[in-house]
Amino acid sequence: MLSIDTPLRTASSFLRHRLPLGGGSDVRALVGALLLGLVAGCGPTDQAPMSTEQAEAGSLAFEVRLPPATVEGMAELGIETPVKGRLYIVLDRLDDAPDEEDDEPAPEPRRRVGVTGVPFFGMDVEGLDGDAEVFLRGGDPQVRGFPLRSFGELPPGEYRAQALLSAWTTYPRADGHILEMPRETGDGQNIWISPGNAHSPVETIRIGPGEESVIHLSLDEVIPPIQPLREGEVLELGNPRDREQVRFVKMRSELLSEFWGRDMYLGANVLLPRDYQDDGTETYPVLFHLGHFPGDRSPFGFALGEEGSGRTAGFSRFWMSEDAPGMFIVTIRDANPYYDTSYSVNSPNVGPYGDAITQELIPFLEEEFRMLSEPWARVLAGGSTGGWEALALQVFHPRTFGGSWAWCPDSVDFHAYQIVNIYEDQNAYELDQGWIQAERPSNRNADGNIQFTMRQEGHFELAVADRSRSGGQWAIWEAAYGPLGEDGYPRPIWDHETGEIDRETAEYWREHYDLHHHLQENWSTLGPDLRGKIHIATGDMDSYYLELAVYRLEAFLDSVTDPPADARVEYGRRQPHCWLGESPERPGEEINYREFVEEVADYLARQAPADG
């Protein structure tokens, strides 16, 4: 196989030599979309011809081969064949490629995809079987790239090139819709590293005048399971192995399997109390730490013998000491066809995850690990996505949980959906200023400098995949909060190309998932069960403008009197995403996990019934 140190080859040499079938490289994370062209509905070698105008738009083409051995390897992991999905070409300028460090090879191009990452191009494909050859041609309207729309915009130069095939799985859902979606195979719904997807070795090429116009790549490598499969195991949610003080569980969910029409699973990573014994009798309260897919990571970064740093500093040593409180800490594995987490709510697109977590997973854990089965003994915490989930679970299940810490939560009021007011604004990508149209920012540094815009992030996800299948942030919000579209995929909150907002969809969001609106409309019944349970912290220069929605919710929580909310909301001055609150021991600094666990333990002690 070739590496970045392999002597440079021109496109003409690719015409003379196919890539070897063996060898290859490992496929890990890129975030984009790429190339090879099959017209929807056409077989792998029966492509529709391009028009003269299309051909003139760009002469560069990539020919990608899918060897029989690769198809067999995908099928062995349960991937549907013939393969359908999306094929990507990722290009990394040789001069921009990162250097090798500590004898580790430089990251492959696919690992460098992102809104501010390297160019990629994608195209939907179907009917791919062994020895399929697919062309991605310059000027083909079915090929969409980012940040460059077409191959013709690539500046001349030397590049590292890589192809990746993201396979889709058929989901015959209970609502009658049949969806083609990326399958979650243990990676947390990251197509660039998903086991079962295929990629090519990294090739060094030249693009520019005088070079041959067809570049050949071969999908020689199938991404292997993160943990080797044992008999009876499936890829979904991975199969992490138990280690000291940490247990990993996975269960088939009846509710989710019925919804999706395929076996679906929920998992959890469980940090045991220091003195926990499998054959003991004592029961313990639980802190559920919510957020993005935890993989095989331990809650709060627990690792025996390691000191940790930042938020994890001293936590492992503390957890094994006499000072540690008796409690479990649990992270949830709930990646799904849309994203690396479900957002912990019932959704017509993602499924009944709110019910599955509260009615299936938590009862299973409580029986398996002697967790206290009392609302006061179940508390929630999380940051960003996990912050929204922690607050949503508390709000939608007020008598199931006893307290919530929402750090830098995703938008809790859609008047400030990041920086967009979906109820009043006309366009998400730009602000009409009369004589000019100002581009809306999506991400900023704490000093105010903009990293990328709403339009750029929206077009990035659109290049990865359409129909909210990008695995990206905007896609999961549409899937979790939105109604079904006529085709069975989420109905967009705005036109992904132009940014024009759909007001009818916005009203659906308001009535079902706007947390501030839900609290405001239902406080007379919710308030008694939520009093004193809501804790929110965020930086006042959140990188995604999430503090704007918190301001609105805080004003409501401060205003209610029957009953009072007794909520705590704190802001970190000039702090970016994701600030967790101020340390009780180190004024002006951020709280760490050891300090937070002690805060939770004190809270639980106050909530516990007097009779124990």
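Residues numbered from 1 in each chain as written. Predicted model: local features only at pLDDT ≥ 70, side-chain atom pairs only at ≥ 80, totals over all residues. Heavy atoms only, no water.

*Asks:* Would you take a moment to explain the sheet that holds strand S13 (residues 265-271) for this structure?
*Replies:* Consider a sheet: its strands pair through backbone hydrogen bonds, and that pairing is either parallel or antiparallel. Reading across the sheet, the eight strands line up as S12-S13-S15-S14-S18-S19-S24-S25 and stay open at both edges, with mixed pairing between neighbours. The open sheet is flanked by strand S12 (246-252) and strand S25 (568-572), the only strands paired with a single partner. Sheet twist, expressed as the mean angle between neighbouring strand axes with direction ignored, is 20°. Pairing between strand S24 (residues 534-539) and S25: five bridges, direction parallel. Its bridge partner lying in S25, Ile536 is registered against Val569. Here helix H6 (residues 353-369) sits on the sheet and contacts S12, S13, strand S14 (286-290), strand S15 (328-333) and strand S18 (378-383); the angle it forms with S13, its principal contact strand, is near 45°. (Pairing = 2+ DSSP bridges. Helix = DSSP H or I, 4+ residues; strand = E, 2+ residues; numbered from the N terminus. Axes fitted to C-alpha atoms, helices over the stretch in contact; angles between N-to-C directions. Contact = heavy atoms within 4.5 Å.)

*Asks:* How should I be thinking about the side chain of Gln162 in this particular structure?
*Replies:* With respect to the element layout, Gln162 can be found in strand S6 (residues 157-172). There is a polar contact of 3.2 Å between the side chain of Gln162 and the backbone nitrogen of Arg110. Separated by 3.1 Å, the side chain of Gln162 and the backbone oxygen of Ser200 make a polar contact. (Polar contact = N/O pair within 3.5 Å; in protein donor to acceptor, adjacent residues only side chain to side chain.)

*Asks:* Can you help me understand the side chain of Asp220 in this one?
*Replies:* Residue position: Asp220 is located in the loop between strand S10 (214-218) and strand S11 (221-222). Although Asp220 lies buried, it forms no salt bridge, and the closest oppositely charged side chain, Arg65, sits 5.9 Å away as judged by the N-O distance. There is a polar contact of 2.5 Å between the side chain of Asp220 and the side chain of Ser218. (Buried < 20%, exposed > 50% of the residue type's maximum accessible area, 1.4 Å probe, protein only. Lys, Arg positive; Asp, Glu negative; His and termini not counted. Salt bridge = Lys/Arg side-chain N within 4 Å of Asp/Glu carboxyl O.)

*Asks:* When you look at unusual backbone geometry in this model, what are you seeing that I'm missing?
*Replies:* A cis amide bond links Thr81 with the next residue in sequence, Pro82, at an omega value of -10°. Examined against the element boundaries, Pro82 turns out to sit in the loop between helix H3 (68-76) and strand S2 (83-93). Here the amide bond leading from Asp562 into Pro563 is cis, since omega sits at 0°, within 30 degrees of zero. Counting through the fold element by element, Pro563 comes out in the loop between helix H12 (547-559) and S25. Of note in this structure, Arg370 is not a glycine but carries a positive phi near 55°. Note that Arg370 resides in the loop between H6 and S18. Within the chain, Ser384 stands out as a residue other than glycine whose phi angle is a positive 65°. Relative to the helices and strands, Ser384 resides in the loop between S18 and helix H7 (385-396). Owing to a relative accessible area of 13%, Ser384 belongs among the buried residues under this scheme.

*Asks:* Please explain the pairing of strand S23 (residues 450-453) as it appears in this structure.
*Replies:* Strand direction decides the pairing type here: strand S22 (residues 441-444) and S23, joined by three bridges, are antiparallel. Following the sheet pairing, Arg444 is matched in S23 by Ile450. Between S22 and S23, which pair antiparallel one after the other, the connecting turn spans five residues, and Gly448 there sits at a positive phi close to 100°.

*Asks:* Looking at this structure, I do not really get the sheet that holds strand S4 (residues 132-137). What am I missing?
*Replies:* If you walk across this open sheet you meet the three strands as S4-S1-S10, and the pairing is mixed. The open sheet terminates on both sides in strands that have one partner only, identified here as S4 and S10. Averaged over neighbouring strand pairs, the angle between their axes works out to 20° when direction is ignored. Relative to S10, strand S1 (residues 61-66) runs parallel, the two sharing five bridges. Within S10, the residue paired with Glu63 across the bridge is His216.

*Asks:* Is there a simple way to explain the layout of surface pockets in this structure?
*Replies:* Empty space among the atoms can be located by rolling a probe the size of a water molecule over them. In this structure, the largest pocket spans a volume of roughly 660 Å³. Lining of the largest pocket is provided by 29 residues; of these, His292, Tyr339, Gly471, Gly472 and Gln473 occupy positions nearest its centre. The greatest single-element share of the lining of the largest pocket, amounting to four residues, is contributed by helix H8 (residues 454-464). (1 Å grid on protein atoms, 1.4 Å probe; cavity = no way out; pocket = protein on both sides within 12 Å on 5 of 7 lines; lining within 4 Å. Points joined across faces, edges and corners; volume = space filled by probe spheres on them.)

*Asks:* Sorry, what's going on with the packing of helix H9 (residues 473-481) against helix H10 (residues 503-513) here?
*Replies:* When two helices pack together, their arrangement is given by the angle between the helix axes and the distance between those axes. Contact geometry of H9 with H10 gives a least axis separation of 10 Å together with a crossing angle of 70°. Compared by their axis directions, H9 and H10 come out roughly perpendicular. The residues of H10 that touch H9, namely those facing Trp477, Glu478, Ala480 and Tyr481, are Tyr508, Trp509 and Tyr513. Tallied by class, the residues present in the contact of H9 with H10 amount to six nonpolar, no polar and one charged. (Parallel < 35°, antiparallel > 145°, perpendicular 65-115°, else oblique. Nonpolar A, V, L, I, M, F, W, Y, C, P; charged D, E, K, R; others polar.)

*Asks:* Help me understand the environment of Trp192, please; the structure alone is not making it clear to me.
*Replies:* Take Trp192: it is sitting in the loop between strand S7 (178-182) and strand S8 (198-199). Judged by its relative accessible area of 2%, Trp192 is buried.

*Asks:* Honestly, the environment of Ser309 in this entry has me stumped. Any pointers?
*Replies:* Within the secondary structure layout, Ser309 lies in the loop between S14 and helix H5 (315-319). The class of Ser309 is exposed, set by a relative accessible area of 56%. With 283 residues separating them along the chain, Ser309 and Asn592 place their C-alpha atoms 9.4 Å apart.

*Asks:* I would appreciate a short explanation of the packing of H7 against helix H11 (residues 515-530) in the present structure.
*Replies:* Packing of H7 against H11 brings their axes to within 10 Å, and their N-to-C directions diverge by 55°. The orientation of H7 relative to H11 falls into the category oblique. Residue-level contacts link Trp388, Leu391, Ala392, Gln394, Val395 and Phe396 of H7 to Leu515, His518, Leu519, Leu526 and Leu530 of H11. Residues belonging to the contact of H7 with H11 are distributed by class as follows: nine nonpolar, two polar and no charged.

*Asks:* Is there a simple way to think about the pattern of salt bridges in this case?
*Replies:* Should the charged atoms of two oppositely charged side chains come close, the side chains can pair. Overall, the coordinates contain 40 salt bridges when judged by the stated rule. Notably, a salt bridge pairs Asp263 with Arg252, separated by 2.8 Å at the nearest N-O pair. In this pair, Asp263 sits in the loop between helix H4 (254-260) and S13 while Arg252 sits in strand S12, placing the two residues 11 residues apart along the sequence. Note that Arg455 is salt-bridged to Glu439, the shortest N-O span being 2.8 Å. Of this pair, Arg455 sits in helix H8 while Glu439 is found in strand S21 (residues 437-439), placing the two residues 16 residues apart along the sequence. Several salt bridges converge on common partners, so that one network encompasses Glu585, Arg586, Glu589, Arg594, Glu595 and Glu598.

*Asks:* What am I meant to see in the confidence of the model for the protein chain here?
*Replies:* Detailed reading of the predicted coordinates is not advisable wherever pLDDT is low. With 90% of its residues at a pLDDT of 70 or more, the protein chain shows a mean pLDDT of 90. The low-confidence segment residues 1-58, where pLDDT is below 50, has 201 contacts with residues more than four positions distant or belonging to other chains. (pLDDT = per-residue confidence, 0-100.)

*Asks:* For this particular structure, what's the right way to read the nonpolar core?
*Replies:* A general tendency of soluble globular proteins is for nonpolar side chains to be buried together. Residues Phe328, Tyr338, Leu365, Ile422 and Trp494 are the most contacted members of the largest nonpolar core, which totals 81 residues. Ranked by residues supplied to this core, first place goes to H6 with seven residues. Formed by 33 residues, the second largest nonpolar core is a distinct cluster that contains Leu91, Ala132, Ala163 and Ala198. (Core = buried A, V, L, I, M, F, W, Y, C linked by side-chain atoms within 4.5 Å.)

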